[in-house]
Amino acid sequence: MRKPFIAGNWKMNTNGAGAKALASGLVGQLSEIDSVDVAVCPPSVYLQSVAKALSSSNIALGAQNMYFESNGAYTGETSAEMLKDVCCTYVIVGHSERRHVLGETDEMVNKKVSTAIGAGLLPILCVGELLEQRQGEETEAVVSRQIKAGLAGLSAEKVEAVTVAYEPVWAIGTGLTATPEQAQEVHLMIRKLLAEIYSESVAADIRIQYGGSAKPGNTAELMACPDVDGLLVGGASLKVDDFAAMIKTVV
Ligand code: 13P
């Protein structure tokens, strides 16, 4: 059985005080929850203060990005080891904003996934099609390519560390959510692909989150889909009550 996994991606939002308050607010509301894995991914400059606020809670810490080299002359970048050092469990890799705004390639994403696992982090590998790709009926081709490239060279044993997040780009921050049918269709396609690449049992174990305008009002219907194992939440994760309500919906 796959344990539900809901993660908040705060993106480039909050400030020092706000990040601490958000984390503490969630700790206050979610202290009893253990049937759902919960993580928050604050901006990297706030990882340490959020880690402190989360200590002695079962909310895990994740980063929004990392670099695939372990140290050296890479101005502005953060290594997997550094993220481990500040208590991160997860790291988001290949978010569509990094792919489409910051020019991250499938090859970089693949290096990041494998470096993250090597350092003991659990990567959340994001995939998803643009609106014009969906309209051109290229969703399956795009998502399959991103999965195959993102996981290239990864053994069955290592891939168990990965969570896949299906985030249709047209649904991110737009208020447009994929219908449960649209989400389930792509999640099932991803699971079948994982079974082809690895095995039925590996595919059955890997969690696939949905992301894209997920909010309290659509959590139950999305989570009712058999292959939707969790959510990667942007905007709604910035409000304690909304994010906590989503998690309580799933408990
Ligand atoms: P929204 O929930 O704001 O649409 O963002 C989704 C997302 O990109 C999470 O990584």
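Each remark here, short or long, concerns the structure printed above.
A brief report on the enclosed structure follows. (Residues numbered from 1 in each chain as written. Predicted model: local features only at pLDDT ≥ 70, side-chain atom pairs only at ≥ 80, totals over all residues. Heavy atoms only, no water.)

**Observations regarding the sheet that holds strand β1 (residues 5-9)**
Right, so step 1: In spatial order, the strands read β1-β2-β3-β4-β5-β6-β7-β8; together these eight strands close into a barrel with parallel pairing. Taken over all neighbouring pairs, the strand axes of this sheet differ in orientation by 25° on average, direction set aside.
Right, so step 2: Bridging between strand β5 (residues 122-127) and strand β6 (residues 163-166) involves four bridges; their strand directions are parallel. Following the sheet pairing, Val127 is matched in β6 by Tyr166.
Right, so step 3: Where helix α2 (residues 47-54) meets the sheet, its contacts fall on β2 (37-41) and β3 (59-63), and the angle it forms with β3 comes to roughly 170°.
Right, so step 4: Together, β5, β6 and β7 (208-210) form the strand contacts of helix α9 (residues 180-197), whose direction differs from that of β7 by roughly 160°. (Pairing = 2+ DSSP bridges. Helix = DSSP H or I, 4+ residues; strand = E, 2+ residues; numbered from the N terminus. Axes fitted to C-alpha atoms, helices over the stretch in contact; angles between N-to-C directions. Contact = heavy atoms within 4.5 Å.)

**A closer look at the packing of aromatic side chains**
Right, so step 1: Taken as a whole and assessed by the stated rule, the structure comprises four aromatic pairs.
Right, so step 2: Chaining the aromatic ring pairs together yields one cluster made of Tyr67, Phe68 and Tyr74. (Phe/Tyr/Trp six-rings, centres within 6.5 Å; stacked < 30°, edge-to-face > 60°.)

**A word on the site of the ligand**
Right, so step 1: Taken together, Asn9, Lys11, His95, Glu167, Ala171, Ile172, Gly173, Gly212, Ser213, Leu232, Gly234 and Gly235 form the complete shell of residues around the ligand.
Right, so step 2: Within the side chain of His95, a nitrogen or oxygen atom sits 2.8 Å from an oxygen atom of the ligand.
Right, so step 3: For the ligand, the protein covers 94% of the area, taking 310 Å² as the surface of the free molecule.
Right, so step 4: Class assignment of the residues belonging to the shell around the ligand gives a composition of three nonpolar, seven polar and two charged. (Near = heavy atom within 4 Å. Polar contact = N/O pair within 3.5 Å; in protein donor to acceptor, adjacent residues only side chain to side chain. Areas by Shrake-Rupley, 256 points an atom, 1.4 Å probe, with all protein chains shown as cover. Nonpolar A, V, L, I, M, F, W, Y, C, P; charged D, E, K, R; others polar.)

**Re the side chain of Asp227**
Right, so step 1: As for its placement among the helices and strands, Asp227 is situated in the loop between α11 (216-223) and β8 (230-233).
Right, so step 2: Within the structure, Asp227 has its side chain in polar contact with the side chain of Gln184 (distance 2.8 Å).
Right, so step 3: Residues in contact with Asp227, not counting those within four places in the same chain, are Arg2, Gln184, His187, Leu188, Arg191 and Ile208.

**A few points about the pattern of salt bridges**
Right, so step 1: If you walk through the whole model with that rule in mind, you get 12 salt bridges.
Right, so step 2: One salt bridge connects Asp227 with Arg2, and the closest N-O pair in it is separated by 4.0 Å. One end of the pair, Asp227, is in the loop between α11 and β8; the other, Arg2, is in the segment before β1, and 225 residues separate them in sequence.
Right, so step 3: Residue class for Asp227 comes out buried when judged on its relative accessible area of 8%.
Right, so step 4: Residue Asp229 pairs with Arg2 through a salt bridge whose shortest N-O separation is 2.8 Å. Of the two residues, Asp229 sits in the loop between α11 and β8 while Arg2 sits in the segment before β1, which places them 227 residues apart along the sequence.
Right, so step 5: Overall, the relative accessible area of 6% leaves Asp229 in the buried class.
Right, so step 6: Sharing partners across several salt bridges, the network here consists of Arg2, Arg191, Asp227 and Asp229. (Salt bridge = Lys/Arg side-chain N within 4 Å of Asp/Glu carboxyl O. Buried < 20%, exposed > 50% of the residue type's maximum accessible area, 1.4 Å probe, protein only.)

**Observations regarding the environment of Val45**
Right, so step 1: By the element assignment, Val45 lies in the loop between β2 and α2.
Right, so step 2: Taking relative accessible area as the criterion, Val45 reaches 67% and is therefore assigned exposed.
Right, so step 3: Sequence-wise, Val45 and Ala204 are 159 residues apart; in three dimensions their C-alpha atoms are separated by 36 Å.

**Section: helix α7 (residues 139-150)**
Since one α-helical turn is 3.6 residues long, residues separated by three or four positions face the same way.
Right, so step 1: The first and last C-alpha atoms of α7 sit 16 Å apart over 12 residues, in line with the 16 Å expected at 1.5 Å per residue.
Right, so step 2: Those residues of α7 that sit buried are Thr139, Val142, Val143, Ser144, Gln146, Ile147 and Gly150. (Expected span 1.5 Å × (residues − 1).)

**Observations concerning the pairing of β3**
Right, so step 1: Counting buried positions along β3 yields five of five residues, so the element is predominantly enclosed.
Right, so step 2: Of the two faces of β3, the one carrying Ile59, Leu61 and Ala63 and the one carrying Ala60 and Gly62 are both buried.
Right, so step 3: Examined bridge by bridge, β2 and β3 share three bridges and lie parallel to one another. Of the residues in β3, the one forming a bridge with Val38 is Ile59.
Right, so step 4: Chirality of the crossover, the property in question, places the unit of β2, α2 and β3 among those that are right-handed.
Right, so step 5: Bridge count for β3 against strand β4 (residues 90-93) is two bridges, and the pairing is parallel. (Right-handed = clockwise from strand over helix to strand, strands pointing away.)

As far as function goes, none of this settles anything; it's purely spatial.
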